Amino acid sequence: GWEFFIRAQDYSFGCVVLRREFIPPLCDSAQVITILLRCPSRGIDHEMCEVLIDECRFVADSLAPVAQAKQVYTEFIQARLDSLQCTEEAYRWFEGTLGLKPLHKTPAALKFVKSILKKMDQGGVLQDETILDSPILQDVALVHDPMMVCEEMLSDAEALLGNEEKKVRDERRNAW
């Protein structure tokens, strides 16, 4: 990280900047954390400036990637997973650590992949035909049009979308 101290006429600022790539579960896109301490400049000497920057360092040292008390709001995380708003790394972390995964992950994805593979096999461009006999694809239903899988997923959201005018319904659908 970086640290700096700014002493202006009215206020003094102590700042510690930390750079992180991934802070699960919800800060998967946060890259910079800033600890900023501001106090009036009147009556501050060099020793007091050192105390202020030490306080910033103390707060920065108290940040940890693993919480001691693990309380996770699974409803919020599940909603975010279901809306497909996470990175691949976040999906892996949620599934491995919390056992959470998107609602449509397994059945819809496998149905889509099996349908695409069947189309490729029918077109003669599938190099390994045995992949269709893979154990993971055996109990998966085959759809003639792979895009129907997307329509099925959207139909699951009909209750959320409502029967309002088209513009509002489209906005809700795209947000979902």
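Residues numbered from 1 in each chain as written. Predicted model: local features only at pLDDT ≥ 70, side-chain atom pairs only at ≥ 80, totals over all residues. Heavy atoms only, no water.

This part is about the pattern of salt bridges. All told, the structure shown has two salt bridges when counted by the stated rule. The residue Glu3 makes a salt bridge to Arg57 at a minimum N-O spacing of 2.4 Å. Note that Glu3 is positioned in strand β1 (residues 2-7) and Arg57 in helix α1 (residues 46-62), a separation of 54 residues in sequence. What makes Glu3 partly exposed here is its relative accessible area of 41%. Residue classification places Arg57 among the partly exposed residues on the basis of a relative accessible area of 28%. Through salt bridges with shared partners, a single network forms among Glu3, Asp54 and Arg57. (Salt bridge = Lys/Arg side-chain N within 4 Å of Asp/Glu carboxyl O. Helix = DSSP H or I, 4+ residues; strand = E, 2+ residues; numbered from the N terminus. Buried < 20%, exposed > 50% of the residue type's maximum accessible area, 1.4 Å probe, protein only.)

Overall, antiparallel pairing links the three strands, which are arranged β1-β2-β3 in an open sheet. Each end of this open sheet is capped by a strand with a single partner; those strands are β1 and β3 (32-40). Averaged over all neighbouring strand pairs, the angle between strand axes comes to 10°, with direction disregarded. α1 rests against β1, β2 (11-19) and β3 of the sheet, and its axis sits at about 30° to β2. (Pairing = 2+ DSSP bridges. Axes fitted to C-alpha atoms, helices over the stretch in contact; angles between N-to-C directions. Contact = heavy atoms within 4.5 Å.)

Bringing the confidence of the model for the protein chain into the picture now. Here the protein chain averages 80 in pLDDT, while 76% of its residues score no lower than 70. No element of the protein chain has a lower mean pLDDT than helix α6 (residues 158-161), which averages 61, and none a higher one than β1, which averages 90. (pLDDT = per-residue confidence, 0-100.)

Here Ser41 lies in the loop between β3 and α1. Among the polar contacts made by the side chain of Ser41, one reaches the main-chain carbonyl oxygen of Ala8 at a distance of 2.8 Å. A distance of 2.8 Å separates polar atoms of two side chains, one belonging to Ser41 and the other to Ser12. Discounting residues that sit within four places of it in the chain, Ser41 has contacts with Arg7, Ala8, Gln9, Asp10, Tyr11 and Ser12. (Polar contact = N/O pair within 3.5 Å; in protein donor to acceptor, adjacent residues only side chain to side chain.)

Time to look at the nonpolar core. The tendency in soluble globular proteins is for nonpolar side chains to be buried as a group. Formed by Ile77, Leu81, Cys86, Ala90, Tyr91, Phe94 and Leu100, the largest nonpolar core amounts to seven residues. Counting residues per element, the ones that place at least two in this core are α2 (74-82) and α3 (88-98). The greatest single-element share of this core, amounting to three residues, is contributed by α3. If you look at the next biggest cluster of nonpolar residues, it comprises six residues, including Leu110, Leu126, Leu137 and Val140. (Core = buried A, V, L, I, M, F, W, Y, C linked by side-chain atoms within 4.5 Å.)

Another aspect to go through is α3. Think of an α-helix as 3.6 residues a turn; residues three or four steps apart then line up on the same face. Listing the buried residues of α3 in full gives Ala90, Tyr91 and Phe94. Each buried residue of α3 sits inside an arc of 105° when the element is viewed along its axis, so together they form one side. Among the exposed residues of α3, those oriented more than 90 degrees off its buried face are Glu88, Arg92 and Gly96. On the buried face of α3, the contacting elements are α2. Just beyond α3, the residue with positive phi is Gly99, at close to 75°. (Arc of directions from axis to C-beta.)

Of the pairings in the sheet, the one linking β1 to β2 comprises six bridges and is antiparallel in character. By the bridge assignment for β2, Phe5 is matched with Gly14. Remark: three residues form the turn of the hairpin made by β1 and β2, two consecutive strands paired antiparallel.

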